[in-house]
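Listed below, chain by chain, are the residues.
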Amino acid sequence: MPDKLSAVVDMGLNLSEMPVVGPISAGHLRTYIEASTPPAPQIGQIETMLAKLSIALPKKQVSDQEAGERLDLYWQALRGHALPDLQQAFMVLLRTCRFFPTIAEIEDAVKAIRGPRARRLSAARLLLLKHEREWKPTGEILTSEEARQLGGILALPLASAADQG
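Keep in mind that what you see is a predicted model, and the values were worked out from it rather than measured.

A. Summary view of the nonpolar core. Within the largest apolar cluster, 20 residues are counted, with the highest numbers of intra-cluster contacts made by Ile-46, Leu-50, Leu-78, Leu-86, Phe-90 and Ile-106. The element that contributes the greatest number of residues to this core is helix α5 (residues 83–96), accounting for 5 residues. Each residue touching Ile-46, except ones within four places of it in the same chain, is listed here: Pro-41, Trp-75, Leu-78, Arg-79 and Leu-86. Core analysis: the next-biggest nonpolar cluster, separate from the first, contains 14 residues, Val-21, Leu-121, Ala-123 and Leu-128 among them.

See below:
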């Protein structure tokens, strides 16, 4: 997305304050929106993140069965988040937690990370919506008769140049 359009997206404007962008900017917005759906995590990825946290942070000893059930609970609770958000949240938790985090602590960390990305995506969608509702081409479109007349006018100098060459 071009810098100028990116700056408009980041301004935090509401719909009525947003400018109406043209078709080229709308194309950039569509591309950004389509590319902004991050991948969902797989259970193995969440398991790896939790395993790294369990190595780094103190936790109570649990049986293999309880560890499996705990993994399933964490998976059920966290699988709806985007993978990049979870990965960033786990890095924050690794640096800030003194003990193994609860699901609620992980959710809070994800919210703090997801917020700016979600706001930016929402602003891009609103800007595209405003374009679709309000953009009108500038100037008048030529009628077929006007296009034929213009073609005749442009053809004369071209024909003269070809005759001279």
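B. Seen up close, helix α6 (residues 103–134). The end-to-end C-alpha distance of α6 is 44 Å, a good match for the 46 Å that 32 residues give at a rise of 1.5 Å each. Helix geometry: α6 is bent most strongly at Arg-114, by close to 35°, with proline Pro-116 lying one to four residues after it. If you check which residues of α6 are buried, you get Ile-106, Ala-109, Val-110, Ile-113, Gly-115, Leu-121, Ala-123, Ala-124, Leu-127, Leu-128, Lys-130 and His-131. Next to the buried residues of α6 lie α1 (3–10), α2 (23–35), α3 (43–56), α4 (64–78) and α5.

C. Structural view of the environment of Arg-30. Looking at the secondary structure, you find Arg-30 in helix α2. Judged by its relative accessible area of 34%, Arg-30 falls in the partly exposed class. Excluding anything up to four places from it in sequence, Arg-30 contacts Leu-128, His-131 and Glu-132.

D. Highlighting the environment of Leu-86. Looking at the secondary structure, you find Leu-86 in helix α5. Note: C-alpha distance between Leu-86 and Pro-41 (45 residues apart in sequence) is 8.2 Å.

E. Representation of the layout of surface pockets. The calculated volume of the largest pocket comes to roughly 280 Å³. Lining the largest pocket are 13 residues, with Ser-54, Lys-59, Ala-67, Arg-70 and Phe-100 sitting closest to its centre. Residues belonging to the lining of the largest pocket are distributed by class as follows: 7 nonpolar, 2 polar and 4 charged. Taken as a whole, the second largest pocket holds about 200 Å³ of empty space.

F. Looking closely at α4. Compared with the 21 Å implied by 1.5 Å per residue over 15 residues, the 21 Å span of α4 between its first and last C-alpha is a close match. Tucked into the core, α4 has its buried residues touching α3, α5 and α6.

G. Representation of the pattern of salt bridges. Within this structure, the stated rule accounts for 5 salt bridges. In this structure, Arg-70 engages Glu-66 in a salt bridge whose closest nitrogen and oxygen atoms are separated by 3.7 Å. Placement of the pair is Arg-70 and Glu-66 together in helix α4, with a separation of 4 residues, close to one helical turn. Owing to a relative accessible area of 27%, Arg-70 belongs among the partly exposed residues under this scheme. The partner of Glu-145 in a salt bridge is Arg-148, and the shortest N-O contact between them spans 2.6 Å. Here Glu-145 and its partner Arg-148 are both found in helix α7 (residues 144–164), 3 residues apart, which amounts to about one turn of the helix.

H. Fine view of the confidence of the model for the protein. In this model, the protein carries an average pLDDT of 88, and 95% of its residues clear a pLDDT of 70 or more. Averaged over each element, pLDDT in the protein is lowest for α7 (74) and highest for α5 (94).

I. Main features of the environment of Ala-89. Structurally, Ala-89 is set in helix α5. For Ala-89, a relative accessible area of 0% puts it in the buried group. When the C-alpha atoms of Ala-89 and Ala-109 are compared, they prove to be 5.2 Å apart, with 20 residues separating the residues in sequence. What Ala-89 contacts, discounting residues up to four positions off in sequence, is Ala-109, Val-110 and Ile-113.

Calculation rules
Residues numbered from 1 in each chain as written. Predicted model: local features only at pLDDT ≥ 70, side-chain atom pairs only at ≥ 80, totals over all residues. Heavy atoms only, no water. Core = buried A, V, L, I, M, F, W, Y, C linked by side-chain atoms within 4.5 Å. Buried < 20%, exposed > 50% of the residue type's maximum accessible area, 1.4 Å probe, protein only. Helix = DSSP H or I, 4+ residues; strand = E, 2+ residues; numbered from the N terminus. Contact = heavy atoms within 4.5 Å. Expected span 1.5 Å × (residues − 1). Bend = angle between axes of the 7 residues up to and from the residue. 1 Å grid on protein atoms, 1.4 Å probe; cavity = no way out; pocket = protein on both sides within 12 Å on 5 of 7 lines; lining within 4 Å. Points joined across faces, edges and corners; volume = space filled by probe spheres on them. Nonpolar A, V, L, I, M, F, W, Y, C, P; charged D, E, K, R; others polar. Salt bridge = Lys/Arg side-chain N within 4 Å of Asp/Glu carboxyl O. pLDDT = per-residue confidence, 0-100.

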